[in-house]
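# Report on the structure
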Amino acid sequence: DGKQFMPTNALNAPARANIAAGGGQNTNVYAGGVFDLAADEALLIEITVPVQPAYSGFHLANLWGESLDYANHQSSLNGFQAEPDEDGVIRYVVAHSDPGVPNWLDTTGIPRGFLSLRWTYSEEPEDLPQATVSTVRLDDLREHLPASTRHVSAAERAEQIAIRQAHVQRRYRQY
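Residues numbered from 1 in each chain as written. Predicted model: local features only at pLDDT ≥ 70, side-chain atom pairs only at ≥ 80, totals over all residues. Heavy atoms only, no water.

### Details of unusual backbone geometry
- Positive phi values are uncommon outside glycine, yet Asn9 reaches one of about 50 degrees.
- The residue Asn9 is located in the segment before strand E1 (15–16) in this model.
- Residue Thr108 is not a glycine yet carries a positive backbone phi of 55 degrees.
- Considering the arrangement of structural elements, one finds Thr108 in the loop between strand E7 (104–106) and strand E8 (112–120).
- On the basis of relative accessibility, which here comes to 28%, the residue Thr108 falls in the partly exposed class. (Helix = DSSP H or I, 4+ residues; strand = E, 2+ residues; numbered from the N terminus. Buried < 20%, exposed > 50% of the residue type's maximum accessible area, 1.4 Å probe, protein only.)

What follows is the structure, encoded as structure tokens:
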């Protein structure tokens, strides 16, 4: 019928887990959406987290909910991998090609897929994370970021991917 329950190139407001949204641990907070990007576009997702969680994660999936190739692409980041800017805001960039920023999430070339964020707390937080999303031209991305946002070189990105590959190989090794 063409109805879509997840916003496109946006996120629903972060909300506590509940039965209406599919359940989950009651101390989890979720936000989700769908990306639909052209080759020259990027999503800039800015997250403010007033209460630090025990765990956080952001991952991309295809429209069937299957995780993208996280071993060979940076298609997911957890709270230890994500790098906040000097103002404390975590700025993620979802794009088809590497914009040279720390928190890039690689679509692996698929034009449409799911955005999924989760924060896990040991007890329910008083204040929930806040998210804003904007679609920008990839060439104009730096104009929308703080000047202090670090540049990630191709060599550094290759090193990050090598670490991911080693971790996945260790996790799924045969005994």
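### Overview of helix H1 (residues 154–171)
- With 18 residues, H1 ought to run about 26 Å at 1.5 Å a step, and its terminal C-alpha atoms sit 26 Å apart, in line with that.
- Listing the buried residues of H1 in full gives Arg157, Ile161, Arg164 and Val168. The arc that holds every buried residue of H1, seen down its axis, measures 60 degrees, which confines them to one face. Relative to its buried face, H1 has exposed residues pointing more than 90 degrees away, namely Ala155, Glu159 and Gln169.
- Residues of H1 that are buried sit in contact with strand E5 (76–78) and E7. (Expected span 1.5 Å × (residues − 1). Arc of directions from axis to C-beta. Contact = heavy atoms within 4.5 Å.)

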